[in-house]
Amino acid sequence: MPEFPEIWSYLARDPLIWLTATLIAYVIGDTLFRAAGRRPFANPVLIAVILLAVLLRVTQTPYAIYFEGAQFVHFMLGPATVALAVPLHANLARVRKSALPLLAALLAGSLTAMLSAVGLGWALGIRGEVLLSLVPKSATAPVALGISESIGGSPTLTAVLVITTGIIGAIVVTPLLNLLRIRDWRARGFAVGVAAHGIGTARAFQVNETAGAFAGIGMGLNAMLTAILAPIVVRLLF
């Protein structure tokens, strides 16, 4: 019988092995999430990331090879971002009624996400490309990567920061908003969509449909506003 390294070397030649591994990792994460009663700490994306990181480490597979096989998932981020127009259209009447509060919250949230990250990074001694990579960390991944590249950051590092931001946001949002006694599902959803993009939006849908819809709206609008404001913030601060 062939040894495991030989079998793995054969399987790893097929790019689909990494797409399959990604899907299986997420299914495992989602299964554990459901088994834990949908508790925030058992976030399926976090579990999938850990499983894939361990697999890459054990098999000594470079990330570039993994990405080549799993890039279809990355490609689907584009259509997923465009699909954010669906909740916006479905809730257009409700959005119009709350247009001014939503715009004020969007502007405050978007600027806070950028300025707080840059301020903390600067205080901790971070400079240059790494600091610039922090600016779009609360925008959805396809938009954040483009922003990072245009302002002189590292798209690869930004991708890590975006995922980390989303996971942390999805974990802390429910207990934090409960602690703050915020009961309006529109406000709860919009806040997590602005702060924690797609992963936070997925969490909002798991909690409440209205919260999920407004999270999708916040995510889409924040991506657009961040693309406009990030270059201005960089020019003013750097």
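Residues numbered from 1 in each chain as written. Predicted model: local features only at pLDDT ≥ 70, side-chain atom pairs only at ≥ 80, totals over all residues. Heavy atoms only, no water.

### Thoughts on helix α12 (residues 185-207)
The end-to-end C-alpha distance of α12 is 9 Å, clearly below the 33 Å that 23 residues give at a rise of 1.5 Å each. The N-terminus of α12 is capped by Asp184, whose side-chain oxygen sits 2.8 Å from the backbone nitrogen of Arg186. (Helix = DSSP H or I, 4+ residues; strand = E, 2+ residues; numbered from the N terminus. Expected span 1.5 Å × (residues − 1). Polar contact = N/O pair within 3.5 Å; in protein donor to acceptor, adjacent residues only side chain to side chain.)

### Concerning empty space enclosed by the protein
Overall, the coordinates contain two cavities of 30 Å³ or more when judged by the stated rule. Considered as a void within the structure, the largest cavity measures approximately 80 Å³ in volume. At the level of elements, α11 (155-179) and α12 are the ones that each hand at least two residues to the lining of the largest cavity. For the second largest cavity, the calculated volume is near 30 Å³. Ser110, Ala113, Met114, Val135, Pro136, Lys137, Ser138, Ala139, Asn222 and Thr226 together form the lining of the second largest cavity. Mapped by element, the contributors of at least two residues to the lining of the second largest cavity are α8 (99-123) and α13 (209-237). Among the elements that make up the lining of the second largest cavity, the one with the highest residue count is α8 (three residues). (1 Å grid on protein atoms, 1.4 Å probe; cavity = no way out; pocket = protein on both sides within 12 Å on 5 of 7 lines; lining within 4 Å. Points joined across faces, edges and corners; volume = space filled by probe spheres on them.)

### A few points about the packing of aromatic side chains
By the definition in use, this model includes three aromatic pairs. The aromatic ring of Trp122 is capped on one face by Arg127, whose charged end is 3.5 Å from the ring centroid. (Phe/Tyr/Trp six-rings, centres within 6.5 Å; stacked < 30°, edge-to-face > 60°. Lys NZ or Arg CZ within 6 Å of the ring centre and 35° of its normal.)

### Remarks on α8
The end-to-end C-alpha distance of α8, which contains 25 residues, comes to 35 Å, matching closely the 36 Å that a straight helix rising 1.5 Å per residue would cover. Every buried residue of α8 is listed here: Leu102, Leu106, Ser110, Ala113, Met114, Ala117, Val118 and Gly121. Looking at the buried side of α8, the elements it contacts are α7 (92-97), α9 (128-134), α12 and α13. Downstream of α8 by a residue or two, Gly125 has a phi angle that is positive, lying close to 90 degrees. (Buried < 20%, exposed > 50% of the residue type's maximum accessible area, 1.4 Å probe, protein only. Contact = heavy atoms within 4.5 Å.)

### A word on the environment of Gly152
Residue position: Gly152 is located in the loop between α10 (141-151) and α11. Under the relative-accessibility criterion, Gly152 is labelled partly exposed at 36%. Spatially, the C-alpha atoms of Gly152 and Val130 are 9.3 Å apart, while their sequence positions differ by 22 residues. Once residues lying within four places of it in the same chain are set aside, the contact partners of Gly152 are Glu129 and Leu132.

### Observations regarding a nonpolar patch on the surface
A grouping of Leu115, Met224, Ile228, Ile232, Leu236, Leu237 and Phe238 is seen on the molecular surface, where their side chains present a nonpolar patch of about 700 Å² in accessible area. Examining the composition of the nonpolar patch, we find that five residues originate from one element, α13, more than from any other. Take Leu115: it is sitting in helix α8. Since its relative accessible area comes to 41%, Leu115 is described here as partly exposed. (Patch = residues over 30% accessible without salt bridge, like charges linked within 9 Å, V, L, I, M, F, W, Y side chains within 5 Å. Areas by Shrake-Rupley, 256 points an atom, 1.4 Å probe, with all protein chains shown as cover. Salt bridge = Lys/Arg side-chain N within 4 Å of Asp/Glu carboxyl O.)

### Observations regarding the confidence of the model for the protein
Residues of the protein with pLDDT of at least 70 account for 93%, and the chain-wide mean is 87. Across the protein, α9 holds the top mean pLDDT of 95, while helix α1 (residues 4-11) sits lowest at 52. (pLDDT = per-residue confidence, 0-100.)

### Examining the layout of surface pockets
One number sums up the size of the largest pocket: a volume of about 1700 Å³. In terms of lining residues, the largest pocket is bounded by 46 residues, among which Val45, Val73, Leu77, Ile163 and Ile199 are the most central. Taken together, the elements giving at least two residues each to the lining of the largest pocket come down to α2 (16-35), α3 (44-59), α4 (63-75), α5 (77-82), α10, α11, α12 and α13. In terms of residue class, the lining of the largest pocket is built from 33 nonpolar, 12 polar and one charged. (Nonpolar A, V, L, I, M, F, W, Y, C, P; charged D, E, K, R; others polar.)

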